[in-house]
Amino acid sequence: MTELTTKITNLLGVRYPIIQAGMVWVSGWRLASAVSEAGGFGVIGSGSMEPGFLAKQIEKTRAATSRPFGVNVPVMHKNAADNIGVCLEKGVSAVFTSAGSPKVFTKRLKDAGIKVIHVVPSCALAKKVEAAGCDAVVAEGTEAGGHNGYEELTSVVLWPSVVDAVKIPVIAAGGVADGRTAAAALIMGAEGVQVGTRFALTRESSASHDYKKAAVASQEGQAPLYLRRFMPTRALANPYLERAIEAERRGASREELSQILGRGRARRGILDGDIQEGELEIGQVSGRINGIPAAAEVVQKMVDGILFAVRKLEHVTRDEAAQLNSNDKRPS
Ligand SMILES: Cc1cc2nc3c(=O)[nH]c(=O)nc-3n(C[C@H](O)[C@H](O)[C@H](O)COP(=O)(O)O)c2cc1C
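Within each chain, residue numbers correspond to sequence positions counted from 1 in written order. Where local features are concerned, this predicted model is filtered to residues with pLDDT of at least 70; where side-chain atom pairs are given and counted, the filter is 80 or more; whole-chain, interface and lining totals use all residues. Heavy atoms from the whole structure form the basis of all side-chain values; hydrogens and water molecules are not counted.

## Some points on the overall build of the protein chain
Alright, step 1. Secondary structure is summarised from DSSP: a helix means a run of H or I of at least four residues, a strand means a run of E of at least two, and numbering begins at the N terminus for each. Secondary structure assignment for the protein chain yields 14 helices and 11 strands.
Alright, step 2. Restricting the calculation to C-alpha atoms gives the radius of gyration, and the globule rule supplies 2.2 Å times the number of residues raised to the power 0.38. For 332 residues, the compact-globule formula gives about 20 Å, and the C-alpha radius of gyration of the protein chain, at 20 Å, lands near that figure.
Alright, step 3. When its C-alpha atoms are laid out on the principal axes, the protein chain stretches across 75 × 50 × 35 Å.
Alright, step 4. A buried classification covers 53% of the 332 residues belonging to the protein chain.
Alright, step 5. Throughout, a residue-residue contact means that at least one pair of heavy atoms, one from each residue, lies within 4.5 Å. Contacts in the protein chain between residues at least 24 apart in sequence constitute 62% of all its contacts with a sequence separation of at least 6.
Alright, step 6. When the accessible surface of the protein chain is totalled, it reaches about 15200 Å², and 52% of it is carbon and sulfur.
Alright, step 7. Charge counting treats Lys and Arg as positive and Asp and Glu as negative, with His and both chain ends excluded. Here the site of a charge means atom NZ of a Lys, CZ of an Arg, CG of an Asp or CD of a Glu. Charge separation in the protein chain, taken as the distance between the mean sites of 40 positive and 35 negative side-chain charges, equals 3 Å. Only protein chains enter the accessibility calculation, which uses a 1.4 Å probe; a residue whose area is less than 20% of its type maximum is buried, one above 50% is exposed, and one in between is partly exposed. Surface exposure here means Shrake-Rupley accessible area, sampled with a 1.4 Å probe, where a residue is shielded only by the protein chains that are shown.

In structure tokens:
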């Protein structure tokens, strides 16, 4: 037990309620094992992996840490069923499913004793996650990097709504990058946080250094949502993105937009570091991030920040109470 024990730390068997989000081209064994070693929960992002590659990533993570870690599987990805097979074979402790129905893989995974957590952008979908028998749900606000919900609900509206809508534990995602944002999520009733952008910009992230540098140099408002009508995605503004947004503004068809997107854009941006013409998936919070630390430093600072924020809140409340009391007692 630590001061930060929650239903999510108990569910995942970790020290801190801090989950490193599964991210394409970003979260391989290096990042996942570094976060798990630091007391958080590392997640391998299988959305960019072939099954054989995923199997090796799981083995390498296991060699680097004895602590629990998980795998993210986007349900609609072409390798999803095979990657779920790898998770079953290797016996990872939790699978985070996303981008698709929570019904598809939950029963198979749960029957094998694997925890299943599904990512949603709305209360309506959170209820379906609960009905599908998942152990927990990630409520991801529109601030988040990468693929997003059509609803465009902000974290501060979505998190407490999902907490009220379901009985399973809620993990808050979208804009969490430090202790105070994580504390805000916990205060709103979340039992943990899922952190993407902040971990994408760490030393152990497998994203290219140019992608990291561009994101760290970005300012507020430079990570817009685009492809809003058929695949809402949040990425860093660059010439490619501006072309696509311009096409959307003049009402381009789905076909034209998918032609502009082409194939392999995210890999080109995130992994290959083509800052001009790649798709640089990143969250709004990149505008607040100004360094590329080790992942363990992010975990430790977030823990310290949560504890500081909570103590500060208690302190302020006590101060205010004292103030009220002293007012009451003041002789007239
Ligand atoms: C570069 C990048 C790649 C991502 N890839 C995935 C993915 O493969 N699967 C997924 O479910 N979410 C993906 N996401 C979303 C994250 O899992 C996470 O929910 C989100 O980043 C949280 O918001 P934040 O970026 O504000 O921390 C990605 C996010 C980023 C920044």
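## Quick word on helix α10 (residues 209-217)
Alright, step 1. The complete set of buried residues in α10 reads Y211, K212, A214, A215 and V216.
Alright, step 2. Contact partners of the buried residues in α10: α9 (197-200) and α13 (265-271).

## Observations regarding the sheet that holds strand β3 (residues 69-74)
Alright, step 1. Read from one edge to the other, the open sheet built from 8 strands follows the order β1-β9-β8-β6-β5-β4-β3-β2, with strand pairing classed as parallel. Taken across any chain shown, the strands that pair with only one partner, and hence form the sheet edges, are β1 (18-20) and β2 (42-45). Each strand axis lies, on average, 25 degrees off the axis of its neighbour in the sheet, ignoring direction.
Alright, step 2. Any two strands with at least two DSSP bridges between them are considered paired. Strand direction decides the pairing type here: strand β4 (residues 94-98) and strand β5 (residues 115-120), joined by 4 bridges, are parallel. When the bridges of β5 are listed, T97 appears paired with H118.
Alright, step 3. An axis is simply a line fitted to the C-alpha atoms; with a helix, the fit covers only the stretch in contact. Between two such axes, the angle follows the N-to-C directions and lies from 0 to 180 degrees. The strands touched by helix α3 (residues 51-64) within the sheet are β2 and β3, with β3 carrying the most contacts at an inclination of about 160 degrees.
Alright, step 4. Its contacts with the sheet put helix α6 (residues 123-131) on β5 and β6 (136-140), and the angle it makes with β5 is roughly 165 degrees.

## Some remarks on the nonpolar core
Alright, step 1. Nine residue types can take part in a nonpolar core, namely buried Ala, Val, Leu, Ile, Met, Phe, Trp, Tyr and Cys, and a core is a set of them joined through side-chain atoms within 4.5 Å. If you look at the biggest cluster of nonpolar residues, it comprises 75 residues, and the most contacted ones within it are I18, V137, F199 and M302.
Alright, step 2. It is helix α14 (residues 295-329) that provides the largest number of residues to this core, a total of 8 residues.
Alright, step 3. Counting the residues that make up this core, at least three belong to each of domain 1 (7-204 + 294-313) and domain 2 (209-285).
Alright, step 4. In contact with I18, not counting residues within four places along its chain, are G40, F41, V193, V195, F199, V299, M302 and V303.
Alright, step 5. Membership of the second largest hydrophobic core comes to 14 residues, among which are L12, V14, V43 and V138. An automatic or database domain assignment provides the domain bounds reported here.

## Regarding the domain arrangement of the protein chain
Alright, step 1. Partitioning the protein chain into domains gives domain 1 (7-204 + 294-313) and domain 2 (209-285).
Alright, step 2. Once two parts are joined, some of their accessible surface, as seen by a 1.4 Å probe, is lost; buried area is that loss totalled over both. Summed over both partners, the interface of domain 1 with domain 2 buries about 1700 Å², with 62% contributed by carbon and sulfur atoms.
Alright, step 3. Among the residues of domain 1 in contact with domain 2, W25, Y150 and L201 are the three that bury the most area, contributing 33% of the side total.
Alright, step 4. The salt bridge definition used is simple: a Lys or Arg side-chain nitrogen within 4 Å of an Asp or Glu carboxyl oxygen. Where domain 1 packs against domain 2, one counts 1 salt bridge.
Alright, step 5. The partner of E152 in a salt bridge is R228, and the shortest N-O contact between them spans 2.8 Å.
Alright, step 6. Broken down by secondary-structure element, the contributors of at least two residues to the side of domain 1 that touches domain 2 are β7 (146-147) and α9.
Alright, step 7. Under the scheme applied, nonpolar residues are Ala, Val, Leu, Ile, Met, Phe, Trp, Tyr, Cys and Pro; charged residues are Asp, Glu, Lys and Arg; polar residues are all the others, including Gly. Here the residues of the side of domain 1 that touches domain 2 are counted per class, giving 8 nonpolar, 9 polar and 3 charged.

## Brief notes about the site of the ligand
Alright, step 1. Whether a residue is near a molecule or strand is decided by its heavy atoms; if any one of them lies within 4 Å of it, the residue is near. Inspection of the region around the ligand gives 20 residues, with N72, S98, E140, G175 and T197 positioned closest.
Alright, step 2. At 3.1 Å, a backbone N or O of V24 approaches a nitrogen atom of the ligand.
Alright, step 3. Protein contacts shield 95% of the accessible area of the ligand, which totals 600 Å² for the unbound molecule.
Alright, step 4. Each of domain 1 (7-204 + 294-313) and domain 2 (209-285) gives at least three residues to the shell around the ligand. In protein, a polar contact requires one atom able to donate a hydrogen and another able to accept it; more generally it is a pair of N or O atoms within 3.5 Å, and residues adjacent in sequence count only if both atoms are side-chain atoms.

## Topic: the packing of α6 against helix α7 (residues 155-165)
A packed helix pair is summarised by two numbers, namely the angle formed by the two axes and the spacing between the axes.
Alright, step 1. Running from N to C, α6 and α7 point in directions that differ by 40 degrees, and their axes come no closer than 9 Å. Taken together, the axes of α6 and α7 lie oblique to each other. Crossing of α6 over α7 shows right-handed handedness. On α7, the residues that touch C123, A126, K127 and E130 of α6 are L158, S161, V162 and A165.
Alright, step 2. Considering only residue class, the contact of α6 with α7 consists of 5 nonpolar, 1 polar and 2 charged. Any angle that is under 35 degrees is reported as roughly parallel, and any over 145 degrees as roughly antiparallel; angles of 65 to 115 degrees are reported as roughly perpendicular and all others as oblique. Note: crossing handedness is left-handed where the near helix turns anticlockwise from the far helix by less than a right angle, and right-handed where it turns clockwise.

## Overview of the environment of T97
Alright, step 1. Mapped onto the secondary structure, T97 falls in strand β4.
Alright, step 2. Separated by 21 residues in sequence, T97 and M76 place their C-alpha atoms 9.8 Å apart.

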